[in-house]
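# Residue-level structure breakdown
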Amino acid sequence: MKVAYEKPKVEKTIKSDLELTNEEKKELYALVLKSRMFDERFRKLFRAGRFAGTYFSGVGQEATAVVPCYKLLPQDFVGPSHRELGCSIARMPLRQIAAQIYARSHSPDKGKSHPCSYGYKPSNIITPAFTIGAQAVLATGVALAFKIRKEPYVALSFVGEGATAHGPWYEAVNFSAVHKLPNVFVVQNNLWGESVHARLVAAFEDFSHRAEGVGMFGVSIDGNDVLKVWETVASAIARARHGEGPTLIEMKTYRWYGHSEIDPADYRQPEEVEFWKKKDPIARYEKYLLDNRLLSPEEKKRIEAKLEAEIEEAVEYAEGGEYAPAEWALEDVYADFKVEAPDR
Amino acid sequence: MGRVITYIDAITEALDQEMARDERVFLIGEDIGLYGGVFKATKGLQKKYGEYRVIDSPISENLIVGAGIGSALVGMRPVPEIQFADFVSPAMDQIVQQAAKIRYRTGGAWSVPLVVRICCGGDVGGGLYHSQMNEAWFVHCPGLKVVMPSNPHDAKGLLLAAIRDPDPVLYFEHKRLYRSVKGEVPEGDYTVPIGPAEVKKTGKDITIVAYALMLVWGMEAAEKLEKEGISCEVIDLKTLLPIDKKTILESVKKTGKALLLQEAPKTAGVMAEISAIITEEVFDYLDAPVMRLAGLDVPPIPFAPPYEKFYLPTVDRIMKKARQLKAY
Amino acid sequence: MKVAYEKPPSETPSEFGLSPKEKKELYYLLLKCRMFDERFRKLFRAGRFAGTYFSAVGQEATTVVPSYKLLPQDFIGPAHRELGCNIVRSPLKVIAAQIYARANSPDKGLSHPCHYGYKPANIITPASTVAGQSVLAVGVALAYKIRKEPYVALAFVGEGGTAMGPWYEAVNFAAVHKLPVVFIVQNNLWGESVPARLVGAFEDFSHRADGVGMPGVSIDGNDVLKVWETTAPAVARARRGEGPTLIEMKTYRWYGHSEIDPADYRPKEEVEYWKKRDPIPAYEKYLMGNKKLTLEEKKQIEEKIDKEIDEAVEFAEAADYGPVEWVLGDVYADFKADAPDRP
Ligand SMILES: Cc1ncc(C[n+]2csc(CCOP(=O)(O)OP(=O)(O)O)c2C)c(N)n1
Ligand SMILES: Cc1ncc(C[n+]2csc(CCOP(=O)(O)OP(=O)(O)O)c2C)c(N)n1
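Predicted model, so just to flag it, every value in this text is computed and none were measured. (Residues numbered from 1 in each chain as written. Chains lettered and ligands numbered in written order. Predicted model: local features only at pLDDT ≥ 70, side-chain atom pairs only at ≥ 80, totals over all residues. Heavy atoms only, no water.)

## Observations concerning the interface of chain A and chain C
- With 24 residues of chain A at the interface, the matching set in chain C holds 24 residues.
- Across the interface of chain A and chain C, roughly 1600 Å² is buried in total on both sides, 54% from carbon and sulfur atoms.
- Interface area lost by chain A to chain C is led by Tyr170(A), Val178(A) and Ala203(A), which between them contribute 30%.
- Here chain A is connected to chain C by zero salt bridges.
- Applying the counting rule to chain A against chain C returns twelve residue pairs in polar contact (both at pLDDT 80 or more).
- When contributions to the side of chain A that touches chain C are tallied by element, the ones reaching two or more residues are helix H6 (167-178) and helix H7 (209-212) of chain A.
- Broken down by element, the residue count for the side of chain A that touches chain C peaks at eight residues, all from H6(A).
- Its residues placed into classes, the side of chain A that touches chain C shows twelve nonpolar, eight polar and four charged. (Contact = heavy atoms within 4.5 Å. Buried area = accessible area lost by both parts, 1.4 Å probe. Salt bridge = Lys/Arg side-chain N within 4 Å of Asp/Glu carboxyl O. Polar contact = N/O pair within 3.5 Å; in protein donor to acceptor, adjacent residues only side chain to side chain. Helix = DSSP H or I, 4+ residues; strand = E, 2+ residues; numbered from the N terminus. Nonpolar A, V, L, I, M, F, W, Y, C, P; charged D, E, K, R; others polar.)

## A word on the site of ligand 1
Residues and elements named next belong to chain A.
- Taken together, 15 residues lie near ligand 1, and His82, Arg83, Phe130, Gly162 and Asn190 sit nearest.
- Take Ile132: an N or O atom from its main chain is 3.1 Å from a nitrogen atom of ligand 1.
- The contact in question runs from an oxygen atom of ligand 1 to an N or O atom on the backbone of Gly162, over 2.9 Å.
- Coverage of ligand 1 by the protein amounts to 73% of the 580 Å² it exposes when considered alone.
- Its residues assigned to classes, the shell around ligand 1 shows four nonpolar, eight polar and three charged. (Near = heavy atom within 4 Å. Areas by Shrake-Rupley, 256 points an atom, 1.4 Å probe, with all protein chains shown as cover.)

## Some words on helix H9 (residues 245-255) of chain B
Residue and element names in this part refer to chain B.
- For H9, every residue scored as buried is listed here: Thr247, Ile248, Leu249, Ser251, Val252 and Thr255.
- Where the residues of H9 are buried, they touch strand E9 (198-201), strand E10 (206-210), strand E11 (232-236), strand E13 (258-265) and helix H10 (270-282).
- The backbone nitrogen of Lys246 has a side-chain oxygen 3.3 Å away, supplied by the residue at the start of H9, namely Asp244.
- Count one or two residues on from H9 and you reach Gly256, which has phi positive near 75°. (Buried < 20%, exposed > 50% of the residue type's maximum accessible area, 1.4 Å probe, protein only.)

## A short note on the environment of Val217(C)
Residue and element names in this part refer to chain C.
- Within the fold, Val217 resides in strand E6 (residues 216-220).
- Along the sequence, Val217 and Glu159 sit 58 residues apart, while their C-alpha atoms lie 14 Å from each other.
- Setting aside its immediate chain neighbours within four residues, Val217 contacts Ser206, Thr230, Leu246, Ile247 and Glu248.

## Some words on the pattern of salt bridges
- Inspection of every chain in the model, using the stated rule, returns 71 salt bridges over all chains.
- With a closest N to O distance of 2.6 Å, Glu299(A) and Lys26(A) form a salt bridge. Within this pair, whereas Glu299(A) is found in helix H11 (residues 297-320), its partner Lys26(A) is found in helix H1 (residues 22-47), the two being separated by 273 residues in sequence. Grouping residues by exposure puts Glu299(A) and Lys26(A) together as buried.
- Notably, a salt bridge pairs Asp123(B) with Lys309(B), separated by 3.0 Å at the nearest N-O pair. Remark: Lys309(B) occurs in helix H11 (residues 305-311) and Asp123(B) occurs in the loop between strand E5 (115-120) and helix H6 (135-139); sequence separation between them is 186 residues.
- Each of Glu40(A), Arg43(A), Arg47(A) and Glu261(A) takes part in a single network of salt bridges with overlapping partners.

## With respect to the sheet that holds E13(B)
Residues and elements named next belong to chain B.
- The five strands are arranged E9-E11-E10-E13-E14 in an open sheet whose pairing can be described as mixed. Of all the strands in the sheet, the pair left with one neighbour each is E9 and strand E14 (291-295). On average, each strand axis in the sheet is inclined to that of its neighbour by 25°, with strand direction left out of account.
- Alignment of E10 against E13, held across three bridges, turns out to be parallel. If you follow Thr207 over to E13, its bridge partner there is Ala258.
- Packing against the sheet, H10 makes contact with E10, E13 and E14, and its axis sits at approximately 155° to E13. (Pairing = 2+ DSSP bridges. Axes fitted to C-alpha atoms, helices over the stretch in contact; angles between N-to-C directions.)

## Let's talk about the site of ligand 2
- The environment of ligand 2 is formed by 20 residues, the closest being Glu61(B), His80(C), Arg81(C), Ser128(C) and Asn188(C).
- In this structure ligand 2 sits where residues from chains B and C come together.
- The separation between an oxygen atom of ligand 2 and a polar side-chain atom of Glu159(C) is 3.3 Å.
- Here ligand 2 loses 96% of its free accessible area of 580 Å² to cover by the protein chains.

## Brief notes about the sheet that holds strand E7 (residues 245-250) of chain C
All names here are of chain C.
- The five strands are arranged E1-E2-E3-E7-E6 in an open sheet whose pairing can be described as parallel. Pairing within the sheet leaves two strands with one partner each, and these edge strands are strand E1 (75-77) and E6. Across the sheet, the mean angle from the axis of one strand to that of its neighbour is 20°, orientation sign disregarded.
- With six bridges joining them, strand E3 (residues 181-187) and E7 adopt parallel strand pairing.

Dropping the structure here:
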């Protein structure tokens, strides 16, 4: 029997709409805010011992993860790392995210991976491996498949500036450049990779220079400027979709808290943290919307209340689940072969 | 209809037929397109299927496997090639952290139907970097399947089974066997199932377990030993993970003696596991200690020709060990 | 007990200008590399040694010249085609012995014929793993930096090797820490059968340097003096603690990847084009034109080299393979592997 690809169901030509409507701008606001509120809530829940493992907060970096995933096609692929709550906020039901963090039986991964390894097949977000930079390699493979099948889809991958020192990440961006694959490589430069400063990772400040080493188009932007992120990513995605090749985008941003919740992050100067908190992407975007009368204070309140309720509901959902039966640990190793559990 | 072809031709044929049948299958690796592979295993395929079905990659092993994995996530059936098993090390992360774990870490939502073809093995004068047998590194990774054929029939059938398997399979092909081993291979489509071992020769005194080159040499030794009055049952393991315990244990129960052959260095190799399985499960049936004949515990394989001969478990050494075991 | 570094002797940095005598010496070395290489291709074809042989004919300038006039403490991390580094720094006998893999080979015959390395010359016997020695060279340079020594490490790869993640990790780290390394990328257009266009999205591989914030330059690798004028200052810069440099040298291998490769993936015209750009006659012409070399001298040099090569081959061929027990040594310093079931 001959086997063929499933044929794509979308149009081959996609209009590039870099302009957001006012409604969309508001929707985007709700999403970045949702990411922030969810994140702050889960930091508290972690501190209260309500779930196991650790928690990697993305507070301060909402724009770099949420915005690139906004208005992607369902078939577009997202390869996140460990701090990309925002990608999931943009594409996944909140309940699934909460369930992932609680690692109960109704988590998308059945509790097997790690709280912050957010992924969800129906959203085409791969549950990440913890190996730094690894999903950029997968995203390159995904983009290769899109190119082979002549499909108009795009693969996004997210790393921190720290990961750009990793050989596998480089092999991926190089290959993508050589073959003009439909990739967008997002580098979130938050100045620190755990406790290692960016100056120990690269001999320059602008990580978009990485693109020059592989002959790719690269650009550095303010990652805390929501609309700038949108414009840059949307045009990169349009380029990729039209077969014009990959783009590397460095987004300068900052994580407000520790690498994970158990990290006091005392290797950073308080002034630095304060400086960046003043550049809060959400407050800036909100001001823009309010100033331009795209959002009213009442609407803002309504949005907040709605998000609060959604988050509450998601937490309840997650906490309502049980851990899966231990035998589940033996499943999902192979499709057709179950592992034994001697002496258990 | 069968006809006699070489081990490498069986591999080429399997790739060719599967690429014709299944549009999702593509190959990626170093020198596999324009050149047709350093051993010519992919000869003619780029011409036939095009540059994006047979992709000449840069020297980027991590990418070769990782891009394969990524493409598998969205429905392709990639068959990346690692030119020499010695150079699989840069791709370790993709194999052990991604391929082996993706089904598991996603609770079964995603899977990686991928076959990494890895050219391995010694007795070719390859020295320290073109001779290695490192299958044991991967047999330690649940989530992977590891197969290694020892004849053309299995080479084709296992490769077709591997490509159709829903999980990542490492397909080791022994370069010493490429052109030295010929055998009957059906022209059409068939698979050799992943998992089962095969009794290649029945016998009553000793069970020999081996795969790839050691199987070929083990058979040769067994036939010579037969004339000396030592009757060996020879098992071709074929799949190293998951291991077919049943076939091994049944045989050892019958013979009471096991001789395990391994080309790789002895310590912590695949045969250490087989030995443990035998002693754990059929200890009462054993009439002698389980014996292993293996490569030496030195970096494999030292170059100078006499060194390589010293390193390898040769037919003579197998026979000597078998006599020792028979006499125990 | 406290352990301190061995203190280095104070050294003077190398001079860029070459004296007429040095220019002639460089000529001698290049020619020696070519003649040795051509001889060993023949010996391989005649079945005189085992394994394979990787010829570097056509690429002499890119390996011989950068290795010339280094300090003994400077380190070289070669790949598989860097015969030239050894021609400059190792005795010819030792190189021949390496290829013959006999007991008198520096590696005792354990590694591989073309894995030329020699401790007294500070050239590490390479692994085959492409770009592997570039990573080592960075480690060596790190040690020099930690110990504040004025030495330099040279790292050689082909353009194909620049696609390797480990190579990138190494150049990136060297750039961050301004380590005393010179990365030499010999772009001979082909990595085995894979053309450079499938390796980098550009023609000039010096762009790789931009990706890590390192100075990078592309030059004609078949122009002997250009190679000297580029590498000598890069070495001096590194020695002064001003950091690494990446130099792409455009060159060409005349023959197959190894002697068993007919290299029929390359267009004939391309090979012809590059043979016309042979680095050695061009340099010879320069020397003769400037009356730094006479026909008579050239002949003498050739004769001298021929004799040296004869001697080296004799030395290699006269030796036996090492005793098989040597297989068990050199795994650990203090622990010998055993050899069960070996006679
Ligand atoms: C290959 C690998 N090495 C080390 C780690 C441990 N680790 C986890 S996150 C991290 C720092 C990552 O920094 P960066 O890429 O800048 O991302 P950020 O955390 O700033 O978002 C490290 C070292 C890892 N996960 N993978
Ligand atoms: C990690 C690794 N992968 C594959 C190989 C096999 N191999 C040996 S040389 C070579 C090509 C090298 O090309 P390049 O770096 O351009 O050097 P050149 O041979 O042109 O001097 C390959 C693929 C290897 N030795 N190491």
